Amino acid sequence: MESKIITTDFLIIGGGTAGCYAALTFCEHSDKKVLIVEKAGIKRSGCLAAGVNAINAYISAGHSPQDYVDYAVRDAGGIARRDLLLSMSEGLNRTVRKLEALGLTILKDENGGYVTRGWRNIKINGERIKPILAEAVKNQSQIGILERVNVFEYIVKDNQILGALAVSIDEPIFYTIYAKTVLCATGGASGLYKPNNPGFSRHKMWYPPFNTGAGYAMGIRAGAEMTSFEMRFVALRCKDTIAPTGTLAQGVGAKQINAKGEVYESKYGVTTSQRIYGTVRENADGNGPCYLKTTGITPAQDEELKKAYLNMCPSQTLKWIENGKNPSDENVEIEGTEPYIVGGHTASGYWIGNDRQTTISGLFAAGDVAGGCPQKYVTGAFAEGELAAIAAAEHIGQARAVPVDQMGIANTKRWLEGFLGRSQSDIITDTLEDEMQSAMDRYAGGISQNYSCDEECLQTALQKISGIERKLPLLSANNMRELLYILELRERLTLCKSVIAHLSVRKETRWHIFAERRDYPDKRKEFECFINSRLVGGELEVIKRELI
Amino acid sequence: MSILFESTRCISCKKCAAVCPGSLITVDETARIEHPERCWGCASCVKECPVQAIGLYLGEDVGGKGGRMTARQESTLLHWQIAKSDGTSETITVDLKDSNKY
Ligand SMILES: Cc1cc2nc3c(=O)[nH]c(=O)nc-3n(C[C@H](O)[C@H](O)[C@H](O)COP(=O)(O)OP(=O)(O)OC[C@H]3O[C@@H](n4cnc5c(N)ncnc54)[C@H](O)[C@@H]3O)c2cc1C
Ligand code: SF4
Ligand code: SF4
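Per chain, the residues get numbers from 1 upward, laid out in the order the sequence is written. Throughout, the order in which chains and ligands are written sets their labels, letters from A for the former and numbers from 1 for the latter. For this predicted model, a pLDDT threshold of at least 70 governs which residues receive local features, and a threshold of 80 or more governs which side-chain atom pairs are given and counted, while totals over whole chains, interfaces and linings are taken from all residues. Computation of side-chain values: all heavy atoms of the structure, hydrogens and water removed.

Participant: Please set out the packing of aromatic side chains residue by residue, giving values where relevant.
Facilitator: Residues and elements named next belong to chain A. Whether two aromatic rings pair depends on their centres lying within 6.5 Å, for rings of Phe, Tyr and Trp, where Trp uses its six-membered ring; planes under 30 degrees apart make the pair stacked, over 60 edge-to-face, and the rest tilted. Taken as a whole, this structure holds 20 aromatic pairs over all chains when the rule is applied. With a centroid separation of 5.4 Å and an interplanar angle of 50 degrees, the aromatic rings of Trp206 and Tyr207 are classed as tilted. Exposure classes here rest on a 1.4 Å probe applied to the protein chains alone. A residue is buried below 20% of its type maximum, exposed above 50%, and partly exposed in between. A residue is classified by how much of its surface remains accessible, and Trp206, at 16% relative accessible area, is buried. Between Tyr264 and Tyr268, the ring centres sit 6.3 Å apart and the planes meet at 75 degrees, which makes this aromatic pair edge-to-face. The pair Tyr264 / Tyr268 is uniform in exposure class, with both members buried. Taken together, the ring pairs in this structure connect Trp206, Tyr207, Phe233, Tyr340 and Phe514 into an aromatic cluster. Cation over ring: Arg120 sits above Tyr71, and NZ or CZ is 3.6 Å from the ring centre. Lysine NZ or arginine CZ positioned within 6 Å of the ring centre and within 35 degrees of the ring normal marks a charge as sitting over the ring.

Okay, here's the thing in structure tokens:
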């Protein structure tokens, strides 16, 4: 592989929602260099690729950021950082105004006010959101963009960030990127568990299959303190297409019903995890399948729904049309997805300060990769990107010059070249990925187990994942694309081990589905705390932290 | 979930390859997808193609019935065309300047 060295002031890893917004903010506060390194192309990379339905985090008139904090803490069963939630909530509406100024369409009433859906949602054209953001980034000449380059390791010395290592996904190029300060904005992780449709359509999932947990894994390996990995996220989605359901539930008021036509949501509660729990229980009790009741809506509503889905998940509209059945003709069947790790919905991710700095000096985190601050959604990712960029601009002046371990970098390059140089291995990356997903599904609370697990099976999961990890060095790559798949598998395996360790420590069931322990089916007072972890000398050390 | 290319239409402009969030598309003579099972189904490539050479379809394992979806942009309008397996087709037009009603 050819070596390329790049030096910048502010390195942003991941040109998604938080990363792009952070780059724009940084330019308002500093004239230093900023570089976004993105594994795909920024126009459509990450969660916003297909479009989103609405702005889910907005403070409407008559409400305050504190209301949002209270709501998010309640929904998370108390395990959420009030300080982080407040600083995020205070930024939400500001980010909406900025996006509107950049060209985002937002639905307005006759007085020019935003039309709200409930008190926290506003209606937008979500299909355009990423191209608008990417265009603003491309128009800002201070921002450098390196696309189709995958970051896989930090350069850290004495707990200070010095940059990151990356590889091109097209050509044999190994990048060493030095930076005074770094923002990790790589999003969350999918593909740890066996998905809803494990065959040909295995990537027809809700969370982007290309967000593979790189940021979490790099942090874990570098010894950063991480939080709440046991708080997995499972979404309630339309069967087969895994399309979002909020448009049906909140848009046309469709209720969750079981096969007998009974509305069941009131039986289980309405927090995010309870809604999925209800569906899982109804199925387990023989009352399934479950649906969103759309029959009886008007033809005009049918047409608007088809358009709304084209703006975020076109496959759902395709399904209605292919089947010749409108939502008014047939209820929409729903199911829970496989578990994801997503700090924008739950509290999993880096343990950070209010300035979004991680426990590694000079390394910041924002968006789905940052922990402690659930219910972030798009605008929360923007708000965190803003906070991190402002703090990073200040931090640049304080960064110390530390000598880099050149030998370590050269060894890493040789290790990668080993995969490329090896003759075709009998062990296939995809096969190991399937083994990992099956082990997580069966022993760490996947779909087939109705999301529940116990101590014994978690220990089995850990053994199996460690076994798969041991086979990793035997893999071979014919090209850079295949090398990328090996790196993605490696980061998923690293993350799986942390998820299992966290699930094992939280010996209670605080959130159904997200962390369902069948050996500890109730909440326990002693677990009113954060479960954090840190890799010390190759061992994962678990730390309980008091609520903040 | 995946995409199919109509090679005879493709003008090798590489626009689809540049936007795929999984960088799954390669363009030599014409565009192709080496690992169709890795497709997320986000339709970014479909919307980007200037000659409607890319059709989105639902895999049989998720109940797909052979329909294909292409998109054509005309100023701020996006015309989605769904060709069904029985030979009929349906078009839905979305104005990119409009907000969702729901
Ligand atoms: C399908 C879907 C629908 C949603 N709908 C809504 C909605 O209607 N309303 C709402 O408010 N919220 C919605 N959300 C949530 C919201 O979109 C996310 O929480 C938010 O966009 C996350 O931002 P992020 O910056 O953390 O991640 P992303 O925007 O995904 O950015 C992460 C970026 O990092 C890149 N990357 C990953 N790994 C690497 C690596 N190793 N090297 C380099 N680059 C890398 C990725 O390619 C990506 O571009 C939805 C999410 C999804 C997935
Ligand atoms: S639909 Fe999306 S994921 Fe699939 S090939 Fe096209 S751009 Fe890539
Ligand atoms: S965008 Fe369309 S025409 Fe251009 S390379 Fe892709 S398939 Fe071919």
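Now, onward.
Participant: Mind laying out the pairing of strand 20 (residues 539-546) of chain A, listing which residues take part and the relevant values?
Facilitator: Residue and element names in this part refer to chain A. In this analysis, strands are considered paired if DSSP registers two or more bridges between them. In this text, helices come from DSSP runs of H or I with a minimum length of four residues, and strands from runs of E with a minimum of two, each type numbered from the N-terminal end. As paired elements, strand 19 (residues 529-536) and strand 20 share eight bridges and run antiparallel to each other. Bridge pairing in strand 20 places Asn532 opposite Ile543. In sequence, strand 19 turns back onto strand 20 through a hairpin of two residues, with Gly537 there showing a positive phi of about 55 degrees.

Participant: Pulling in residues and values, what's your account of the environment of Ile220(A)?
Facilitator: As for its position among the elements, Ile220(A) is in helix 5 (residues 214-221). It only takes one pair of heavy atoms within 4.5 Å for two residues to be counted as in contact. If we skip the residues at most four places from it in the chain, Ile220(A) touches Met226(A), Phe229(A), Thr494(A), Leu495(A), Ser498(A), Leu535(A) and Leu540(A).

Participant: Explain the site of ligand 1 to me, and be specific about the residues and the numbers.
Facilitator: Residues and elements named next belong to chain A. Each residue is tested against the molecule or strand, and it is near if at least one of its non-hydrogen atoms lies within 4 Å. What surrounds ligand 1 is a group of 33 residues, the closest being Thr17, Glu38, Ser45, Ala54 and Asp368. At 2.9 Å, a backbone N or O of Cys47 approaches an oxygen atom of ligand 1. Only the protein chains shown count as covering a residue, and every accessible area follows the Shrake-Rupley method with a 1.4 Å probe. In the complex, 97% of the free accessible area of ligand 1, which totals 1,000 Å², lies under the protein chains. Where the shell around ligand 1 is concerned, the elements lending two or more residues are helix 1 (17-29), strand 2 (34-38), strand 7 (149-157) and helix 11 (377-396). Nonpolar residues are Ala, Val, Leu, Ile, Met, Phe, Trp, Tyr, Cys and Pro. Charged residues are Asp, Glu, Lys and Arg, and all others, Gly as well, are polar. Taken together, the residues that form the shell around ligand 1 break down as 16 nonpolar, 14 polar and three charged. Counted as a polar contact is a pair of N or O atoms within 3.5 Å, where, for protein atoms, one must be capable of donating a hydrogen and the other of accepting one, and residues adjacent in sequence contribute only when both atoms are in side chains.

Participant: How would you sum up the interface of chain B and chain A? Please name residues and give values.
Facilitator: Across the contact, 49 residues belong to chain B and 60 residues belong to chain A. Two parts lose some accessible area (1.4 Å probe) when they are put together, and adding that loss for both gives the buried area. Ranking the residues of chain B by area buried against chain A places Arg38(B), Trp40(B) and Tyr102(B) at the top, with a combined share of 21%. One speaks of a salt bridge when a side-chain nitrogen belonging to Lys or Arg is within 4 Å of a carboxyl oxygen belonging to Asp or Glu. Run the count over chain B and chain A and you get four salt bridges. A salt bridge links Glu127(A) to Lys47(B), with the nearest nitrogen and oxygen atoms 2.6 Å apart. Our enumeration of links across chain B and chain A arrives at 24 residue pairs in polar contact (both at pLDDT 80 or more).

Participant: Let's hear about the site of ligand 2: which residues, and what values?
Facilitator: Every residue lining ligand 2 is accounted for by Ile3(B), Cys20(B), Pro21(B), Ile25(B), Ile33(B), Cys39(B), Trp40(B), Gly41(B), Cys42(B), Ala43(B), Ser44(B) and Cys45(B). Residues that form the shell around ligand 2 fall into these classes: ten nonpolar, two polar and no charged.

Participant: Tell me about the domain arrangement of chain A, and please be specific about residues and values.
Facilitator: Residues and elements named next belong to chain A. Parsing chain A into structural domains produces domain 1 (2-34 + 47-128 + 142-233 + 339-398), domain 2 (236-336) and domain 3 (406-545). Each domain's limits were defined by an automated method or a database of domain assignments. Spacing between the C-alpha centres of domain 1 and domain 3 amounts to 22 Å. Taken together, the contact between domain 1 and domain 3 spans 55 residues of the former and 51 residues of the latter. Between domain 1 and domain 3, a total of about 4,500 Å² is buried, with carbon and sulfur atoms accounting for 61% of that surface. The largest share of the area that domain 1 buries against domain 3 comes from Leu192, Glu230 and Arg232, three residues that together contribute 16% of it. Across the domain 1-domain 3 interface, the total number found is six salt bridges. When the shortest N-O distance is used, the salt bridge between Glu230 and Arg506 registers 2.8 Å. Joining domain 1 to domain 3, the criterion identifies 25 residue pairs in polar contact (both at pLDDT 80 or more).

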